[in-house]
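Geometric and topological summary
This is what each chain is made of:
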Amino acid sequence: MKKDAKTMKEVAERCTKYCRCDNCNCSNSSKDDAISCQNCTHYTPGKICDIDLYEEIVDNHDL
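All values reported here derive from a predicted model rather than from experimental measurement.

1. Some words on the pattern of salt bridges
- Enumeration over the complete set of coordinates arrives at two salt bridges.
- A salt bridge links glutamate 10 to lysine 6; the shortest N-O distance between them is 3.4 Å. With glutamate 10 and lysine 6 both in helix 1 (residues 5-14) and four residues apart, this pair spans about one turn of that helix.
- For glutamate 13, the salt bridge goes to lysine 9, with nearest N and O atoms at 2.5 Å.

Now the structure itself:
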């Protein structure tokens with residue numbers, strides 16, 4: 001599973017649970033350049049999406 005910066009941005013842009021804050025009701029409503037899995041609260045220090053959406057989004061969108 002590739003986890004380069006471009007793919008992480010594309011996944012975050014498509015993720016309905018993307019959140020940069022502690023409020024998991026927020027989403028990626030803007031296409032901000034800073035959007036990335038790396039700054040999502042669901043992305044762990046071990047570089048894993050703790051709600052298991054990364055792989056699903058990559059597969060569903062052929063990223």
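2. Structural notes on unusual backbone geometry
- Despite not being glycine, aspartate 52 shows a phi value in the positive range, around 55 degrees.
- Position of aspartate 52 relative to the elements: it lies in the loop between helix 1 and helix 2 (54-60).

3. Regarding the environment of methionine 8
- Residue placement: methionine 8 occurs in helix 1.
- What makes methionine 8 buried here is its relative accessible area of 2%.
- Note: C-alpha distance between methionine 8 and cysteine 37 (29 residues apart in sequence) is 5.2 Å.

4. Topic: the nonpolar core
- Ranked by internal contacts, the top residues of the largest apolar core, which has 15 residues, are Val11, Tyr18, Cys37, Tyr54 and Ile57.
- For this core, the secondary structure elements donating two or more residues are helix 1 and helix 2.
- Residue contacts for isoleucine 57: discarding those within four places in its chain leaves Val11, Arg14, Cys15 and Leu63.

5. Looking at the state of the cysteines
- Here the structure, examined in full by the defined rule, presents zero disulfides.
- Here cysteine 40 is not disulfide-linked; the sulfur of cysteine 15 is the nearest cysteine sulfur, at 6.1 Å.
- Looking at cysteine 49, it has no disulfide partner, and the nearest cysteine sulfur is the one in cysteine 15, 6.2 Å off.

Definitions and limits used
Residues numbered from 1 in each chain as written. Predicted model: local features only at pLDDT ≥ 70, side-chain atom pairs only at ≥ 80, totals over all residues. Heavy atoms only, no water. Salt bridge = Lys/Arg side-chain N within 4 Å of Asp/Glu carboxyl O. Helix = DSSP H or I, 4+ residues; strand = E, 2+ residues; numbered from the N terminus. Buried < 20%, exposed > 50% of the residue type's maximum accessible area, 1.4 Å probe, protein only. Core = buried A, V, L, I, M, F, W, Y, C linked by side-chain atoms within 4.5 Å. Contact = heavy atoms within 4.5 Å. Disulfide = S-S within 2.5 Å.

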